[in-house]
Amino acid sequence: MACHRFAKRAKPRFPNLRPRCKAATQGVPGRRTPKYAGLCYTFHIMASIKRILVTGGAGFLGSHLCERLIEQGHDVICLDNFFTSQKSNVNHLLGRPNFELLRHDVTLPIWLEVDEIYNLACPAAPGHYQYNPIKTMKTSVMGAINVLGMAKRCRAKVLQASTSEVYGDPQVHPQPESYRGSVNPIGPRACYDEGKRAAETLFMDYHRANGVNVRIVRIFNTYGPRMHPYDGRVISNFIRQALQGEDITIFGVGRQTRSFCYRDDLVDGLIRMMNGPDDFCGPVNLGNPGEFTIRELAELVLKLTGAKSTFVVRPLPADDPTQRRPDITLARERLGWQPTVALSDGLVKTIDWFRSIDISEYRPPTPNY
Ligand code: NAD
Ligand code: UDP
């Protein structure tokens with residue numbers, strides 16, 4: 001009977017969940033079918049509801065992650081200072097009973113009771129993280145200390161959104177997790193690269209010294225709907241430029257390579273890592289191994305948008321990595337994860353989204369673009 005009481009309580013929170021309890025859906029021989037037959041969410045489901053904090057939850061990846069966790073029925077707290085995002089990314093979630101939005105800066109301590117933490121708060125595009133490099137380093141380091149302290153107190157699991165930038169301008173190609181990287185510690189990208197490396201160190205030290213249940217994922221370039229049109233990242237730049245009839249800005253001669261992962265694949269990888277075995281802390285690479293030169297990407301965007309823009313060459317920024325491609329053997333073996341969306345398919349969806357928004361409603365988060 002108890003599970004039917006839970007079913008009644010759970011219904012508004014789990015509109016999309018399917019009934020699981022055999023007794024409720026099929027009935028028990030010789031007994032009346034329970035009142036909430038077809039709605040009987042078993043103890044298992046109730047026990048699996050978690051209180052989850054997503055820092056940087058209003059951003060491009062964070063907002064999609066919040067959406068997915070809400071659909072799974074969890075209580076989601078989205079924490080963000082809106083430095084590189086805007087409320088419109090999560091407006092549609094505000095009415096959901098299991099969603100809460102907090103304006104807060106992750107460099108400051110905060111006291112919450114949670115079961116899991118996804119730590120995504122950090123400016124991610126070069127122009128944004130270089131705008132206030134000291135704040136970027138503080139966000140990675142003090143943000144990590146704050147979420148790790150919370151995880152230690154609450155005995156929560158905590159996942160760090162690290163980055164392929166920890167490999168710097170890689171001398172090993174493709175990059176396995178065992179590669180220790182080639183980062184210039186005093187260059188303009190160092191505030192981000194070294195901040196993320198320091199955060200990984202803190203995660204592993206809290207794990208070894210305090211037994212905190214940690215996960216580290218190294219995210220390779222990810223794209224999709226809800227990227228900030230003025231974040232200056234290559235895909236958002238090229239699509240916006242193509243749709244507005246502007247020149248496509250290729251930095252250097254465009255021979256540098258990147259591997260682009262569609263956001264749905266990436267969010268799936270984040271959740272798999274969080275739910276994966278406790279003896280697997282990572283770091284694990286999450287990215288799409290398809291590798292493209294920046295010029296190839298520009299040509300593809302022109303083809304898919306049908307735009308007539310011309311290419312203009314701009315100087316290559318300092319320390320811009322010449323090549324990047326993830327080795328995802330570990331993610332395949334330990335998480336059963338691999339990307340499923342091809343670049344051209346993901347670009348079509350992203351272009352459709354860019355066509356659907358009013359770009360004039362967005363303002364560049366920093367004057368760097
Ligand atoms: P994003 O800029 O859209 O999201 C970052 C979010 O963090 C934003 O909402 C921003 O306002 C918030 N934020 C920044 N500083 C904060 C602070 N001090 N306190 C609270 N909130 C703060 O970028 P994204 O692409 O969604 O990236 C999310 C995470 O994934 C970042 O940690 C980033 O380093 C990592 N990552 C992303 C990629 C990618 O290609 N998208 C690649 C590697 C790593
Ligand atoms: N890039 C470019 N034109 C742009 C923006 C970026 O050619 O308008 C290049 C940039 O120099 C880099 C690549 O595209 O080589 C990816 O840049 P992005 O900022 O998206 O990501 P990251 O360099 O952090 O991988």
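Keep in mind that this is a model prediction, so the values were computed, not measured.

A. Representation of the overall build of the chain within the structure. Of regular secondary structure, the chain possesses 12 helices and 13 strands. Among the 369 residues that make up the chain, the fraction classed as buried is 45%. Contacts in the chain between residues at least 24 apart in sequence constitute 79% of all its contacts with a sequence separation of at least 6.

B. Spatial organisation of the sheet that holds strand 3 (residues 99-103). Pairing in this open sheet of 7 strands is parallel, and the strands run 3-2-1-4-5-6-11 from one edge to the other. Strands with a single pairing partner mark the edges of an open sheet, and in this sheet they are strand 3 and strand 11 (284-286). Between one strand and the next, the sheet's axes are offset by a mean angle of 20°, whatever the strand orientation. Taken together, the 5 bridges between strand 1 (residues 51-55) and strand 2 (residues 75-80) define a ladder with parallel strand orientation. When the bridges of strand 2 are listed, Leu53 appears paired with Ile77. Running at roughly 165° to strand 2, helix 4 (residues 60-71) makes contact with strand 1, strand 2, strand 3 and strand 4 (116-119) of the sheet.

C. Seen up close, the site of ligand 1. Lining the immediate surroundings of ligand 1 are 27 residues, of which Gly56, Gly59, Leu61, Ser85 and Ile219 lie closest. The set of elements that each furnish at least two residues to the shell around ligand 1 consists of helix 4 and strand 5 (157-163). With 3 residues, the single largest contributor to the shell around ligand 1 is helix 4. Here the residues of the shell around ligand 1 sort into 13 nonpolar, 12 polar and 2 charged.

D. A look at the environment of Asn132. You can see Asn132 is positioned in the loop between helix 5 (126-129) and helix 6 (133-154). For the pair formed by Asn132 and Cys191, sequence separation is 59 residues and the distance between their alpha carbons is 9.0 Å.

E. Inspection of helix 12 (residues 343-356) at higher detail. Its 14 residues place the ends of helix 12 20 Å apart at the C-alpha level, agreeing with the 20 Å of an ideal helix rising 1.5 Å per residue. Among the residues of helix 12, those classed as buried are Leu343, Gly346, Leu347, Thr350, Ile351 and Phe354. Buried residues along helix 12 cover an arc of 135° about the axis, so they all sit on one side. Exposed side of helix 12, more than 90 degrees from the buried face: Asp345, Asp352, Arg355 and Ser356 are the residues found there.

F. Molecular detail of the site of ligand 2. Of all residues adjacent to ligand 2, which total 14 residues, the nearest are Arg233, Val234, Asn237, Thr249 and Phe251. Those elements that place two or more of their residues in the shell around ligand 2 are helix 8 (234-243) and strand 8 (248-251). Of the residues forming the shell around ligand 2, the biggest block, 3 residues, is contributed by strand 8. Residue classes in the shell around ligand 2 are distributed as 7 nonpolar, 4 polar and 3 charged.

G. Region of the structure containing the packing of helix 4 against helix 9 (residues 263-275). The contact between helix 4 and helix 9 brings their axes to 10 Å, and the two run at 60°. When the axes of helix 4 and helix 9 are compared, the crossing they make is right-handed. Taking contact as the criterion, the partners of Leu61, His64, Leu65 and Arg68 in helix 4 are, on helix 9, Arg263, Leu266, Val267, Leu270 and Ile271. The residue makeup of the contact of helix 4 with helix 9, split by class, is 6 nonpolar, 1 polar and 2 charged.

H. Fine view of the packing of helix 8 against helix 10 (residues 294-305). Direction vectors running N to C along helix 8 and helix 10 enclose 40°, while the axes themselves pass 10 Å from each other. Classed by the angle they form, the pair helix 8 and helix 10 counts as oblique. Crossing geometry of helix 8 relative to helix 10 is assigned as right-handed. Across the interface between the two elements, Val234, Phe238, Ile239, Ala242 and Leu243 from helix 8 touch Ile294, Leu297, Ala298, Val301, Leu302 and Thr305 from helix 10. Residue composition of the contact of helix 8 with helix 10, grouped by class: 10 nonpolar, 1 polar and no charged.

I. View of the environment of Ile250. As for its position among the elements, Ile250 is in strand 8. Ile250 sits 48 residues away from Ala298 along the chain, and the two C-alpha atoms are 7.9 Å apart. Beyond its immediate sequence surroundings of up to four residues, Ile250 is in contact with Ile294, Arg295, Ala298, Phe311, Val313 and Arg314.

Calculation rules
Residues numbered from 1 in each chain as written. Chains lettered and ligands numbered in written order. Predicted model: local features only at pLDDT ≥ 70, side-chain atom pairs only at ≥ 80, totals over all residues. Helix = DSSP H or I, 4+ residues; strand = E, 2+ residues; numbered from the N terminus. Buried ≥ 20, exposed ≤ 12 C-beta atoms within 10 Å, placed from the backbone. Contact = placed C-beta atoms within 7 Å. Pairing = 2+ DSSP bridges. Axes fitted to C-alpha atoms, helices over the stretch in contact; angles between N-to-C directions. Near = placed C-beta within 6 Å. Nonpolar A, V, L, I, M, F, W, Y, C, P; charged D, E, K, R; others polar. Expected span 1.5 Å × (residues − 1). Arc of directions from axis to C-beta. Left-handed = near helix turned anticlockwise from the far one by under 90°. Parallel < 35°, antiparallel > 145°, perpendicular 65-115°, else oblique.

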